[in-house]
Amino acid sequence: MRFFLRSRQFKKILCIIAIVLALSILAGIFGGLMSPQAGIVGIFTAPFQKLSNSVIGAFSDFAENFRSATELNAEKEELKAQVDELRGQLVDYYDILNQNEEYKKYLEIKEQNPDFKFCPAMVTATDPDDIFSGFTLDAGSLNGVSLYDPVITEAGLVGYITEVGFTTSKVTTVLSPSLTCGAYDSRTNDAGALSGTTELATQNQTKFFNLPRTCSVAVGDIIVTSGSGVFPDKLIIGTVSNISSDPISSSLYATVSPAVNFEELRNVMILTDFAGQGNQLISGE
């Protein structure tokens, strides 16, 4: 069989089949224009013409199916693009919804302090090596942010701006020894100073110190800013968790748990302006 396929006879047969197929195709195409003698050819080519018609029909079906598959893929890609666009719009919707919810939280603060001017900002970077929980915001001088602007959330005081770029700024928190401010007990009005320490920062605490031994500060009391330095009055700092004697002086100090959870901090407000800010900044410096 292998030698037959390579023989001249087999090649001749293939040539005859090819010629007959060509004639049958031509007969199918130009049948209406051929002479009567074409009928004789048709007798011999009829079986092959059926075969050629089947081949042509199969090719037409394939082309139609291929076109349908192409159109289907195009429609699929178009639908996918529409779904992606709708998904993006949905994400934008929820972002706006969340922002509105965040703004509502500050509405009460704004109502109580109509002189406050806010700049919303988002935390873009944190330093894992900073035990005082400092971080970077996506707002800077182009947004009206200035050095020492207070940073808050609806829960209370976060810290203040210590570095300002055009579109970014860095925040030092109430856990840091670099931040010192006047503060008082909102229940007893006992006044002191507040600043962080390395030891307390590891416990997410800060220090309310220089308290006289006659003070009435108690565990659970809320500590707020006194309005001296760079902060306005009555910003909540946190609650007293412990009271101890200062080993160096005769005064007392309280350990304060900040009202703000720095690990979950995502969005903040920067106080870009408030009544008396200029005077407090000068005295604070």
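Please refer to the structure higher up on the page.
Parameters and conventions
- Residues numbered from 1 in each chain as written.
- Predicted model: local features only at pLDDT ≥ 70, side-chain atom pairs only at ≥ 80, totals over all residues.
- Heavy atoms only, no water.
- Pairing = 2+ DSSP bridges.
- Helix = DSSP H or I, 4+ residues; strand = E, 2+ residues; numbered from the N terminus.
- Axes fitted to C-alpha atoms, helices over the stretch in contact; angles between N-to-C directions.
- Phe/Tyr/Trp six-rings, centres within 6.5 Å; stacked < 30°, edge-to-face > 60°.
- Buried < 20%, exposed > 50% of the residue type's maximum accessible area, 1.4 Å probe, protein only.
- Contact = heavy atoms within 4.5 Å.

Peer 1: Break down the sheet that holds strand β4 (residues 157–164) for me, with residues and values.
Peer 2: With respect to topology, six strands assemble into a closed barrel ordered β1-β2-β5-β4-β3-β12, the strand pairing being antiparallel. Adjacent strand axes in the sheet meet at a mean angle of 45° when their direction is disregarded. Across six bridges, strand β1 (residues 117–126) lies against strand β12 (residues 267–273) in antiparallel orientation. Pairing of K117 across the sheet is with D273, part of β12.

Peer 1: Could you give an account of the sheet that holds strand β10 (residues 233–245), naming the residues involved and the relevant values?
Peer 2: The strand order around the closed barrel formed by six strands is β6-β7-β8-β11-β10-β9, and the pairing between neighbours is antiparallel. Averaged over neighbouring strand pairs, the angle between their axes works out to 45° when direction is ignored. Bridge count between strand β7 (residues 191–195) and strand β8 (residues 206–211): three bridges; the pairing is antiparallel. Along β8, the bridge assignment pairs S195 with K207.

Peer 1: Please provide a residue-by-residue account of the packing of aromatic side chains, values included.
Peer 2: Considering all chains together, one arrives at four aromatic pairs under this definition. Here the aromatic rings of F116 and F274 are separated by 6.2 Å at their centres, their planes lie at 70°, and the arrangement is edge-to-face. Pair noted here: F116 is in the loop between α3 (38–112) and β1 and F274 is in the loop between β12 and α5 (277–284), with a separation of 158 residues, a long-range link. An angle of 25° between the planes, with centres 5.8 Å apart, marks the rings of Y160 and F231 as stacked. Here F231 lies in the loop between β9 (222–226) and β10 and Y160 lies in strand β4, a separation of 71 residues in the sequence. There is no split in this pair, since Y160 and F231 are both buried.

Peer 1: Can you explain the pairing of β4? Please cite residues and give values.
Peer 2: Strand direction decides the pairing type here: strand β3 (residues 150–152) and β4, joined by three bridges, are antiparallel. Its bridge partner lying in β4, I152 is registered against L157. Here β3 folds back onto β4 in antiparallel fashion, the turn holding four residues, of which G156 has a positive phi close to 160°. In this antiparallel pair of consecutive strands, β4 and strand β5 (residues 169–173), the connection spans four residues.

Peer 1: Give me the lowdown on the environment of K170, citing residues and values where you can.
Peer 2: Its place among the elements puts K170 in strand β5. Using a relative accessible area of 39% as the deciding quantity, one classes K170 as partly exposed. Distance in space between the C-alpha atoms of K170 and G140 is 9.0 Å, their sequence separation being 30 residues. Ignoring anything within four residues of it in the chain, the contact list for K170 reads F135, T136, Y160, I161, T162 and E163.

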